[in-house]
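Observations on the model geometry
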Amino acid sequence: MLYYILYTFSLLPLRVLFVLSDVMGFLLYHVVRYRRRLVRRQLIDSFPEKDTGEIRQIEKKFYRWFCDYVMETLKMLSFSEKEMREHMVFENMEEVNEVLRGGRNISLFLGHYCNWEWVASIALHTPFYCAHIYHPLKNVALNNVFCTLRGNFKSHNLAMADTVRTLINWKREGKISMVGYISDQVPGYSQMHHFVDFLNHKDTPVFSGGERMAALNGGAVYYVRMSCVRRGYYRAQLVRIVGSTEEAPLHYPVNQYFKLLEQDIRRAPQYWLWSHNRWKRTKEEYDRIFSEQERKIRATKA
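So, here's what we can say about the structure.

The rules behind the values
Residues numbered from 1 in each chain as written. Predicted model: local features only at pLDDT ≥ 70, side-chain atom pairs only at ≥ 80, totals over all residues. Heavy atoms only, no water. Helix = DSSP H or I, 4+ residues; strand = E, 2+ residues; numbered from the N terminus. Contact = heavy atoms within 4.5 Å. Phe/Tyr/Trp six-rings, centres within 6.5 Å; stacked < 30°, edge-to-face > 60°. Buried < 20%, exposed > 50% of the residue type's maximum accessible area, 1.4 Å probe, protein only. Lys NZ or Arg CZ within 6 Å of the ring centre and 35° of its normal.

1. Describing the side chain of H87
The topology assignment puts H87 in helix α5 (residues 81–87). Sequence-distant contacts of H87, defined by excluding residues within four places in its chain, comprise L14, F79, W118, G232, Y233 and Y234.

2. A few points about the packing of aromatic side chains
Here the structure, examined in full by the defined rule, presents 28 aromatic pairs. Measuring from ring centre to ring centre gives 6.2 Å for W65 and W116, while their planes differ by 55°; the resulting arrangement is tilted. One end of the pair, W65, is in helix α4 (residues 52–75); the other, W116, is in the loop between β2 (106–110) and β3 (129–134), with 51 residues separating them in the sequence. Take W116: its relative accessible area is 9%, and that puts it in the buried class. Taken together, the aromatic side chains of Y29, Y34, F62, Y63, W65, F66, Y69, Y113, W116 and Y271 make up a single cluster linked through ring pairs. The residue whose ring lies beneath R36 is Y29, and the NZ or CZ to ring-centre distance is 4.0 Å. The ring of F195 has K283 lying over it, and the distance from NZ or CZ to the ring centre is 5.3 Å.

Set out below in structure tokens:
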């Protein structure tokens, strides 16, 4: 029932959905004040060189874009392939397909920047198998809706918990693939983390699982450089980070990924997901937790 309600709503023209987006943006920013304190704090910390007026302008633009993202994502339920090709353009696909034809897998690193959901439509531009890693939502109905809209354009949903097993099976079967990883989320207290200097924050904890999966899958790593051409139209340039994960130094792909992502955010900061609490965990917390775990392991062995 939820799917059919949302599908019917998605049949509205995109220009009408954008009018609704403007209304929703006004309400979120001025009335509900959705996470405004968090957004403001992260913007100030990330851009200390900007004055209050500039920060507020970015803030307002962010809420407008965020509501556009919601409507654009909803529109995926009824978008035709032709419409999606017009609204989401990929550059450097010739090189990418040549790498795949050469028998090498590709890992795509992208952030919560511009409309990351639309990147799933890259499967329309290659004959090779495409998949994207996702974290299943607790709400089963909503999770099914997202899986449906993400799979509408030939890309396959791959649950995070199944990634390692699936990649190993594909490697045994000789299946050539292109897999997308959204890698700018806050890592949990696990071994798959690393620290980088990011947006004026020293020792930002970052998720290194995408890099490890890319190494397991072999092949090349590309960064998806997103930009908004105009409202409802995006361009994604595929930028090579490494041609072979076997030859890349440890953490080189993830370090380069965050450098490229920061460049994009500084160029147009309103398109990043500032409502996500990016710096809620610190290096000190990770060091303390893993020191305690190491002591427990040593005590058990003793």
